[in-house]
Amino acid sequence: MRVPGAAAAWLLIVCWVGVALAAAPPRDPQTHFFDQTLGDFQEELATAREQGKQGILIFFEMEECPFCQRMRETVLNRPEVQDYFRQHFLIFSVDIEGDVPITDFQGHATTEKDFAFRQYRVRATPVILFFDLQGRPVVRYTGATRDAEEFLWLGEYVVSGGYQEMPFARYKRLKRRGQR
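Residues numbered from 1 in each chain as written. Predicted model: local features only at pLDDT ≥ 70, side-chain atom pairs only at ≥ 80, totals over all residues. Heavy atoms only, no water.

**Quick word on the sheet that holds strand β2 (residues 89-95)**
Point 1. What the four strands build is an open sheet, ordered β2-β1-β5-β6; its pairing is mixed. In this open sheet, the two strands that pair with only one neighbour each are β2 and β6 (137-142). Adjacent strand axes in the sheet meet at a mean angle of 15°, parallel and antiparallel pairs treated alike.
Point 2. Pairing of strand β5 (residues 127-131) with β6 involves five bridges; the strand directions are antiparallel. The residue bridging Phe 130 from the neighbouring strand is Val 139, located in β6. (Pairing = 2+ DSSP bridges. Helix = DSSP H or I, 4+ residues; strand = E, 2+ residues; numbered from the N terminus. Axes fitted to C-alpha atoms, helices over the stretch in contact; angles between N-to-C directions.)

Shown next, in the form of structure tokens:
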């Protein structure tokens, strides 16, 4: 008779640990999501290749953007998001109004705002742009994701190569139905 009680206690402990892990406290996205860069994206590509990453993610944002702030406060601060994306990508933030000098993927000197606007036509923020290991853009997502789950689906969509088969809207429908 004690075995079922012990099993029930064990089940409660496992459930409690699962809930505790799922409710992990948020972490600062600046230190736990974004990688530090000296602004040379050609060099960052080499680093991504050396580290076995899938590519580079650039989060184009601006300071006054409420949607960028919401992403930082509700999605990019989640430990499960941070861990997944840092496993697969080098991740950088680019201020679309910034005058900071950078080097683009082709080795040309430019500024953050020219890189964003002239090269990638970023006008609204946030824009989440994934690049392959050759510096080619492969997936572009404009706007804030609904929540952390949708952002994780976006990462899985890129990592799995789903972008080569279907648009992200279809991928999300399949995920919601449990078919992917």
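Following the structure, the description resumes.
**Observations concerning the environment of Gln 87**
Point 1. Within the secondary structure layout, Gln 87 lies in helix α5 (residues 79-88).
Point 2. The class for Gln 87 is exposed, based on a relative accessible area of 52%.
Point 3. Once the C-alpha coordinates of Gln 87 and Lys 53 are considered, the two residues, 34 residues apart in sequence, prove to be 7.2 Å apart. (Buried < 20%, exposed > 50% of the residue type's maximum accessible area, 1.4 Å probe, protein only.)

**Observations regarding the nonpolar core**
Point 1. Ranked by size, the top nonpolar core spans 30 residues in total, and within it Leu 57, Phe 85, Ile 128, Phe 130, Phe 151 and Leu 154 carry the most contacts.
Point 2. Elements represented by at least two residues in this core include exactly β1 (55-61), α4 (66-74), α5, β2, β5, β6, α7 (148-159) and α8 (168-176).
Point 3. Broken down by element, the residue count for this core peaks at seven residues, all from α7.
Point 4. Other than its neighbours up to four places away in sequence, Phe 85 contacts Phe 33, Leu 57, Ile 91, Phe 130, Phe 151, Leu 152 and Gly 155.
Point 5. Listed in part, the 19 residues of the second largest apolar core include Phe 92, Ala 116, Val 122 and Leu 129. (Core = buried A, V, L, I, M, F, W, Y, C linked by side-chain atoms within 4.5 Å. Contact = heavy atoms within 4.5 Å.)

**Digging into the confidence of the model for the protein chain**
Point 1. Overall, the predicted model of the protein chain reaches an average pLDDT of 90, with 87% of residues at or above 70.
Point 2. Below a pLDDT of 50 lies the segment residues 6-17, which in the model reaches zero contacts outside its immediate sequence neighbourhood of four places, other chains included. (pLDDT = per-residue confidence, 0-100.)

**Let's talk about helix α3 (residues 41-50)**
Point 1. Every buried residue of α3 is listed here: Phe 41, Glu 44, Leu 45 and Ala 48. Taken down its axis, α3 places every buried residue within 105° of arc, on the same side.
Point 2. Against the buried residues of α3 lie β1, β2, β3 (101-103) and α6 (112-120).
Point 3. Trailing α3 by a residue or two, Gly 52 shows a phi angle of about 70°, which is positive. (Arc of directions from axis to C-beta.)

**Some points on α8**
Point 1. All of the buried residues along α8 are Phe 168, Tyr 171, Lys 172, Leu 174 and Lys 175. Looking down the long axis of α8, one finds its buried residues gathered within 160° of arc, a one-sided arrangement.
Point 2. At the exit of α8 stands Gly 178, carrying a positive phi of roughly 75°.

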